[in-house]
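# Residue-level structural notes
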Amino acid sequence: MLPFPTQADKFESLFGHEQRKSNRTNKGPNSMNNQETVKIRSTNASAICCLALLCNVLASCEQTKEAPTPSPRPVSVMIVPPPSTEGARTLAGIVKPWADEDVSAEVTGRIEFVEEQGRQLEGRWVESDEVIVEGDVLARIDSSAYEAAVRAAEAEVERARVHLEEVIPALIAEAKAAYEREEEELRRIERLDEQTSATRIEIIRAQAAIKIASAKLSSVQAEEESARANLAVAKARLETAQLDLNRTTLYAPFTGELAAVHKEAGGYVNIGTPVGRLVMMDPILVEATVSAETAREIETNDNALVISDSWEEPLRAKVYYKSTTADPRTLTHTLSIITRNPVQGFDGGDGVKPIGNVFPLQYSTIGKPSEFIVLYEQSLFEDEQGHYVWKLEPADGENQPAIRNPNEVFIARRVAVVPGDKRRTFQGIAITRTLKDIGTLNYFDYLAQDPPPDLQDGDLVRVRSLQWSLKPGAIVEVVFPGRTRSATSRVPVTAIRYSSESTGHVFVVRNETATRVPVQLGVIDGVSQEVTVDGDFDLVGEALVIRGAQYLSDGESVRVVATLNTTSGEDH
């Protein structure tokens, strides 16, 4: 089949043969005259004009034809499902103290007293040099040398004060008086000189005396400034000595339990020597290690529940801190979860009063064992009637109380005694004391410590048994309740056209037309990403374009060629 002739071919067929004929007949420069040459050129120009006119007519005819309608763009879509509701997430956590500190000595000396291990101590609170809460004493160091240093510093301050306020003013007054006397003497001599009764030497001597008196006055005035500085130094030394004396009493820096005693009474400590380890038990910390994916779903201040076998009900907790970076070795994050630590056990009630520890009366190891009976000094009390102890009798009528039974109830009996003069520490834990008269007590009778102040003879008592619900080192469960993110959907990344790291848009198909929907971008996992739609538009149930979205424009016609039912891209 021959090709369709073009406009150039038509031009060649109409006018080309004449031009070629002309070229063949006019072979030499003298074959025609100038008039014939102009005629031929005029004929060629007319032909070109006719050709241009013919091309314009043909182009105009082609433009009047209608452009063909483009075919709808083929796309694949998925029906956006509702956001999934997260179920409760359970993690394993380890209990740790909220604060754990070795309390150290701030001065050097011999320890006089250390609180018993296991005691709950209230922390000291000082704010702007004002003591808000006095706090409990953890230990005391022998203060004799520091008290002497304070007295010496006070005496030095008093000496400097007297020198400045009494001695210096007297010296200044004396120097001023001497200066004034020498001035008066010079004026007297000068008056005599006017009467030719005084010699020139006397005048010179008087002038020299005035200079000496003036220098003396200046010296005393300068000494006043030195005395004022000495007083300031003495006061500073007194403040330092008073601080050292105050530091001989070691207070608990925060409320907690004395978990360990490093130095017993009688031991010697230097500055910085640990005396006891104080552990804060309430509130308490639970640490959990989670993967990076789980860490993305848990934020600081999220609520949680701590479940322990030692407590019947879950404890309300809150995420206090989430580690900013992952551990480079395990690629995990650490959650610090804070919760209260309730105390369980008996602390009074039902007509039964709580008491502290119980110790038996026994023979003394001080002197001859047959001559002395000893008790712990914490069991000895005194009022206007004299010294007495609280003896425990079994409430069930047995001969001896069952001390090992934590639920044993006793009858408290007041017994008058006469203490002896000998005292001794027992392993730095308690102080024992001899008794001259044990009254109606018998050997190995049990005596109560730390009774309530309102205890009366015949009251029912029971040994206080308090324990923390959560103890450091225990393994517990941390539960994060399920939650629904109503405004968030997770879609394939192929459906998103990104404007920035946090914004973009997607397309949904309605009536075979692509509609552009702006979105805010959330967590991405490499395959899909969370998106949140601005305004009232809801993606749930919409046909979301997931293949071909990169080539679409708003309002463009589309043809759905496949419908997918999951974010993974599986065909319906």
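As the structure is a prediction and not an experimental result, all values here were calculated from the model.

Attention shifts here to the overall build of the protein. When helices and strands are counted, the protein shows 5 helices and 37 strands. Counting every position in the protein, which comprises 572 residues, the buried fraction comes to 32%. A separation of at least 24 residues holds for 73% of the contacts in the protein among residues at least 6 apart in sequence. As presented, the protein carries roughly 35300 Å² of accessible surface, and 50% of it is formed by carbon and sulfur atoms.

With that settled, the discussion passes to helix α4 (residues 200-246). In this model, α4 (47 residues) spans 70 Å end to end at C-alpha, consistent with the 69 Å of a helix rising 1.5 Å per residue. Every buried residue of α4 is accounted for by Ile-203, Ala-206, Ala-209, Ile-210, Ala-213, Leu-217, Val-220, Ala-227, Leu-231, Ala-234, Ala-241 and Leu-245.

Moving on: unusual backbone geometry. Each neighbour pair has its own omega, and for Asp-282 with Pro-283 the value is 0°, a cis peptide bond. Residue position: Pro-283 is located in strand β12 (residues 274-291). One non-glycine residue, Asp-450, adopts positive backbone phi at about 50°. Along the chain, the position of Asp-450 falls in the loop between β26 (446-448) and β27 (460-463).

With that settled, the discussion passes to the packing of aromatic side chains. What the rule picks out here adds up to 3 aromatic pairs. Relative to Trp-390, the ring of Tyr-388 lies with its centre 5.9 Å away and its plane at 90°, an arrangement referred to as edge-to-face. Considered together, Tyr-388 and Trp-390 belong to a single accessibility category, that of buried residues. In this structure an aromatic cluster arises from ring pairing among Phe-381, Tyr-388 and Trp-390. Between the NZ or CZ atom of Arg-124 and the centre of the ring of Tyr-251, over which it lies, the distance is 4.1 Å. Directly above the aromatic system of Tyr-388 lies the positively charged group of Arg-414, at a separation of 3.7 Å from the ring centroid.

Applying the stated rule across the entire model yields 25 salt bridges. Among the ionic pairs, Glu-287 bridges to Lys-96, the shortest N-O distance being 3.0 Å. With Glu-287 in strand β12 and Lys-96 in strand β3 (residues 89-104), the pair connects residues that are 191 residues apart, well separated along the chain. Since its relative accessible area comes to 23%, Glu-287 is described here as partly exposed. Here Glu-542 ties to Arg-510 by a salt bridge, and the two come within 2.5 Å at their closest N and O atoms.

Judged from the 3 bridges that link them, strand β17 (residues 353-355) and β27 form a sheet pairing that is parallel. Its bridge partner lying in β27, Ile-355 is registered against Val-463. Bridge count between strand β23 (residues 410-416) and β27: 2 bridges; the pairing is antiparallel. Pairing of Ile-411 across the sheet is with Leu-460, part of β27.

Time to look at the confidence of the model for the protein. Close inspection of predicted coordinates is inappropriate for parts of the model with low pLDDT. Per-residue confidence for the protein averages 79 on the pLDDT scale, and 77% of its residues sit at or above 70. Confidence scores differ between elements of the protein, with helix α1 (residues 7-25) showing the lowest mean pLDDT of 44 and strand β15 (residues 332-339) the highest of 94. Scored below 50 in pLDDT, residues 1-45 makes 19 contacts in the model with residues more than four places away or belonging to other chains.

Quick look at the nonpolar core now. Within soluble globular proteins, side chains that are nonpolar generally end up buried alongside one another. Leu-138 and Val-275 are the most contacted members of the largest nonpolar core, which totals 24 residues. Secondary-structure elements contributing two or more residues to this core are β3, β4 (109-114), β8 (137-141), α3 (144-194), α4, β10 (256-261) and β12. Ranked by size, the runner-up nonpolar core spans 22 residues in total, among them Leu-91, Val-279, Ala-304 and Val-306.

Within the fold, His-262 resides in the loop between β10 and β11 (268-269). The partly exposed category is assigned to His-262, whose relative accessible area is 38%. Residues His-262 and Ser-104 lie 158 residues apart in sequence; the distance between their C-alpha atoms is 9.7 Å. Once residues lying within four places of it in the same chain are set aside, the contact partners of His-262 are Asp-102, Pro-274, Val-275, Gly-276 and Arg-277. Side-chain polar atoms of His-262 contact the side chain of Asp-102, separated by 3.0 Å.

So, about the side chain of His-333. Position of His-333 relative to the elements: it lies in strand β15. A distance of 3.2 Å separates a polar atom in the side chain of His-333 from the backbone oxygen of Ser-323.

Moving on to the side chain of Ser-143. Checked against the element boundaries, Ser-143 lands in the loop between β8 and α3. A residue is classified by how much of its surface remains accessible, and Ser-143, at 16% relative accessible area, is buried. Setting aside chain neighbours within four positions, we find Ser-143 in contact with Leu-245 and Thr-248.

Right, let's get into the pairing of strand β1 (residues 73-79). Direction of pairing for β1 relative to strand β37 (residues 558-564): parallel, over a ladder of 6 bridges. Paired with Val-75 across the two strands is Val-560, which belongs to β37. The sheet contact formed by β1 and strand β36 (residues 543-547) spans 4 bridges and is antiparallel. Residue pairing across strands places Ile-79 opposite Ala-543, the latter belonging to β36.

The next thing to look at is the sheet that holds β11. Judged by pairing direction, the sheet is antiparallel, and its 4 strands sit side by side in the order β9-β8-β4-β11 without closing on themselves. Looking along the sheet, the strands with just one partner apiece sit at the ends: β9 (249-251) and β11.

With that out of the way, let us pick up the environment of Thr-563. Considering the arrangement of structural elements, one finds Thr-563 in strand β37. Separated by 17 residues in the primary sequence, Thr-563 and Ile-546 place their C-alpha atoms 9.5 Å from one another.

Attention now goes to the environment of Val-233. When you line up the elements, Val-233 lands in helix α4. Taking the C-alpha atoms as reference, Val-233 lies 9.5 Å from Glu-156; in sequence the two are 77 residues apart.

Conventions adopted
Residues numbered from 1 in each chain as written. Predicted model: local features only at pLDDT ≥ 70, side-chain atom pairs only at ≥ 80, totals over all residues. Heavy atoms only, no water. Helix = DSSP H or I, 4+ residues; strand = E, 2+ residues; numbered from the N terminus. Buried < 20%, exposed > 50% of the residue type's maximum accessible area, 1.4 Å probe, protein only. Contact = heavy atoms within 4.5 Å. Areas by Shrake-Rupley, 256 points an atom, 1.4 Å probe, with all protein chains shown as cover. Expected span 1.5 Å × (residues − 1). Phe/Tyr/Trp six-rings, centres within 6.5 Å; stacked < 30°, edge-to-face > 60°. Lys NZ or Arg CZ within 6 Å of the ring centre and 35° of its normal. Salt bridge = Lys/Arg side-chain N within 4 Å of Asp/Glu carboxyl O. Pairing = 2+ DSSP bridges. pLDDT = per-residue confidence, 0-100. Core = buried A, V, L, I, M, F, W, Y, C linked by side-chain atoms within 4.5 Å. Polar contact = N/O pair within 3.5 Å; in protein donor to acceptor, adjacent residues only side chain to side chain.

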